[in-house]
Amino acid sequence: MDIYSIIPPIVAIVVVFWKKEVILALFLAILSAEFISLFASPDTSLWLTPINTIEQIVSIVSDPGNARVLLFSLLVGALLAFIRDSGGVAATVNFLINKGIGKSKRQVGSLTMFTGIAVFIESNLSVLTAGILARGLFDKYKMSRARLAYIIDSTSAPVCILILLNGWGSLVLGLLSNYELTETPVSILVGTIPLNFYALITLFVVAYTIAKDKVHGPMKEAEKLCETSNQSLENTAPTKARFMLLPLGVMIFGMIAFMLWTGQGNLIQGSGTKSVLYSTFLACVVAYLLLLWHKRFTHHEVVQLGFKGIGELLPVVTIVLLSLTLGASLKELGTGVYVAGLVGDYLPLVLVAPMLFIAGGIMSFTTGTSWGTFAILVPIGVPLIQTLGLPPSLVIAAILGGGVFGDHCSPISDTTAISSIAAGCDLLTHVKTQMPYALFAGALSIVAYTVASIVMIA
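Our subject in this report is the structure included herewith. (Residues numbered from 1 in each chain as written. Predicted model: local features only at pLDDT ≥ 70, side-chain atom pairs only at ≥ 80, totals over all residues. Heavy atoms only, no water.)

1. What to know about the packing of aromatic side chains
Okay, step 1: With the rule as written, the count across this model stands at 10 aromatic pairs.
Okay, step 2: Here the aromatic rings of W261 and Y278 are separated by 6.4 Å at their centres, their planes lie at 55 degrees, and the arrangement is tilted. Here the residue W261 occupies a position in helix α13 (residues 242-262), and Y278 occupies one in helix α14 (residues 272-293), the gap between them amounting to 17 residues.
Okay, step 3: The exposure class assigned to Y278 is partly exposed, which follows from its relative accessible area of 29%.
Okay, step 4: Cluster of aromatic residues (ring-pair linked, three or more members): F197, Y198, F357, F405 and Y449. (Phe/Tyr/Trp six-rings, centres within 6.5 Å; stacked < 30°, edge-to-face > 60°. Helix = DSSP H or I, 4+ residues; strand = E, 2+ residues; numbered from the N terminus. Buried < 20%, exposed > 50% of the residue type's maximum accessible area, 1.4 Å probe, protein only.)

2. Quick word on a nonpolar patch on the surface
Okay, step 1: A surface patch of nonpolar side chains, amounting to about 460 Å² of accessible area, comprises V447, V451, I454, V455 and M456.
Okay, step 2: Its location among the elements puts I454 in helix α21 (residues 427-457). (Patch = residues over 30% accessible without salt bridge, like charges linked within 9 Å, V, L, I, M, F, W, Y side chains within 5 Å. Areas by Shrake-Rupley, 256 points an atom, 1.4 Å probe, with all protein chains shown as cover. Salt bridge = Lys/Arg side-chain N within 4 Å of Asp/Glu carboxyl O.)

3. Let's talk about unusual backbone geometry
Okay, step 1: Of note in the backbone geometry, K142 takes a positive phi value of approximately 55 degrees without being a glycine.
Okay, step 2: Mapped onto the fold, K142 is located in the loop between α7 (123-140) and α8 (145-163).
Okay, step 3: You can call K142 partly exposed: its relative accessible area is 28%.
Okay, step 4: With phi around 55 degrees, K295 is a residue other than glycine that occupies positive phi space.
Okay, step 5: Summarising the element assignment, K295 is placed in the loop between α14 and α15 (299-333).

4. A look at the pattern of salt bridges
Okay, step 1: With the rule as written, the count across this model stands at 4 salt bridges.
Okay, step 2: A salt bridge links R145 to D139, with the nearest nitrogen and oxygen atoms 2.9 Å apart. Each member of the pair, R145 as well as D139, is classed as buried.
Okay, step 3: Residue E223 is joined to R147 by a salt bridge in which the shortest nitrogen-to-oxygen separation is 3.2 Å.

5. Brief notes about the environment of S5
Okay, step 1: Here S5 lies in the segment before α1 (7-19).
Okay, step 2: Note: C-alpha distance between S5 and L330 (325 residues apart in sequence) is 7.1 Å.
Okay, step 3: Residues in contact with S5, not counting those within four places in the same chain, are L330, L333, G334, T335 and Y338. (Contact = heavy atoms within 4.5 Å.)

6. Some words on α21
Okay, step 1: When the local axis directions of α21 are compared, the greatest deviation, roughly 35 degrees, occurs at M435, which is followed within four positions by the proline P436.
Okay, step 2: Sitting at the amino-terminal end of α21 is D426, which places a side-chain oxygen 3.3 Å from the backbone nitrogen of L428. (Bend = angle between axes of the 7 residues up to and from the residue. Polar contact = N/O pair within 3.5 Å; in protein donor to acceptor, adjacent residues only side chain to side chain.)

7. Section: the packing of helix α4 (residues 64-85) against α14
Okay, step 1: Orientation of α4 relative to α14, taken along the N-to-C sense of each, is 25 degrees, at an axis distance of 9 Å. The orientation of α4 relative to α14 falls into the category roughly parallel. Here α4 runs over α14; the crossing is left-handed. Contact with α4, carried on its side by G65, R68, V69, L71, F72, L75, V76, A78, L79 and F82, involves T273, K274, V276, L277, T280, F281, A283, C284, A287 and L291 of α14 and no other residues of that element.
Okay, step 2: Within the contact of α4 with α14, the residues separate by chemical class into 15 nonpolar, 3 polar and 2 charged. (Axes fitted to C-alpha atoms, helices over the stretch in contact; angles between N-to-C directions. Parallel < 35°, antiparallel > 145°, perpendicular 65-115°, else oblique. Left-handed = near helix turned anticlockwise from the far one by under 90°. Nonpolar A, V, L, I, M, F, W, Y, C, P; charged D, E, K, R; others polar.)

8. Examining the environment of W18
Okay, step 1: Counting through the fold element by element, W18 comes out in helix α1.
Okay, step 2: Relative accessible area serves as the criterion here: at 62%, W18 is assigned to the exposed category.
Okay, step 3: For the pair W18 and M113, spaced 95 residues apart in sequence, the C-alpha to C-alpha distance is 33 Å.

9. A few points about the side chain of R145
Okay, step 1: Mapped onto the elements, R145 comes out in helix α8.
Okay, step 2: In this structure the side chain of R145 is engaged in a polar contact, spanning 2.9 Å, whose partner is the backbone oxygen of A423.

10. Brief notes about the side chain of T325
Okay, step 1: Relative to the elements of secondary structure, T325 occurs in helix α15.
Okay, step 2: Taking the relative accessible area as the measure of exposure, T325 reaches 0% and is therefore buried.
Okay, step 3: A distance of 2.8 Å separates the side chain of T325 from the backbone oxygen of L321, its partner in a polar contact.
Okay, step 4: Excluding residues within four positions of it along the chain, T325 makes contact with I30, Q56, I57 and I60.

11. Remarks on the environment of N124
Okay, step 1: Mapped onto the fold, N124 is located in helix α7.
Okay, step 2: On a C-alpha basis, the gap between N124 and T273 in space is 9.2 Å, while along the polypeptide they are 149 residues apart.
Okay, step 3: Residue contacts for N124: discarding those within four places in its chain leaves F72 and I418.

12. Quick notes on helix α3 (residues 49-62)
Okay, step 1: The end-to-end C-alpha separation of α3 is 20 Å, in line with the 20 Å expected for 14 residues at 1.5 Å each.
Okay, step 2: Those residues of α3 that sit buried are T49, T53, Q56, I57 and I60. End-on view of α3: buried residues confined to an arc of 95 degrees, all on one side of the axis.
Okay, step 3: Check the buried side of α3 and you find it contacts α2 (22-39), α4 and α15. (Expected span 1.5 Å × (residues − 1). Arc of directions from axis to C-beta.)

Shown next, in the form of structure tokens:
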């Protein structure tokens, strides 16, 4: 079944770029994955494919972690509606401009990037915070939502994978602790920081686009379209900045508190899915109480507004659900393991790190998950470290960078979908405009890993 296991992601990617329809592409990919799974079991009828597809989706919803991600995505819709229709976004834009913080495109871009870096504790929270804060400012200066999605997506994941005081760090530490190595897992992770070339190059490219106020490729077309458009998505009259800033502050500090609470005082051990759900829910409650306290809306109007916001995000949340389902189906088929096996057993030592980076990128791109990529490739990379004497931090950095690289390019990634939610940008537009930057950083990273391997191994 090995070679057949790559058919579902190929189906998803082909349909996405052919029909420009993500939900159909993901559903057909899941359907094909279940068909292949049944085909491999001769005693099972292939007519059960639609039933198994539905059951696979149900199993994803019934998983507590996945259910929290979906609920979080829905609550984001309500929170965005509260702060937008209350006039909080417009008031915050005026507040920041009056304070001299957002007086130009460069300042707006810098503020967005800084916010994404500062909230490094959880990638979804980082994306959401920066996206909500910057939406109105981007509209004010006729900067495209595609550019906003690129900045927050290409800032949050690289920062989170560099600092690793989050769920990713906990996962990788857990994986490394299963092996006896000459260095401690913590020292290996610290050593990956200067060697995670994709993350560092991506952050540099984002900073360049902000400092020079220059964009290229499809992003340039999106910017031109935005500049000629007279529409503004945040057109509610300004009221009070607190309608936005207080819920946002509660969400950020609530996330830290809940990470400490779920981790029993250890930030790294905290549950990211629980914490981001609890903090977003708390932010919604605060926004609701603020609107009632200031008599901006009645209870029934606030409730209707919340459901209106949830309804606006239902298509994107469906994409998140189907992305998670496809990831589970591909895991059962062994797609990730097959792709990882393509790295080969007879590579020259100096090509191991570059090939692990490429394998991580392909795995993450085709499966839509960097978490799954880390979980599969780290157990493959560590034995190579032990048997071939390779530098541990270099190998692990290549795996981590490859996972983020593929995720940035993938139209079936749940992280890509959540970035689109935060920026208010069409998913396919985000993928199309971000991909050239990701491919550029990825190509430079391959060269960098080759050079680093020659220097460190020779």
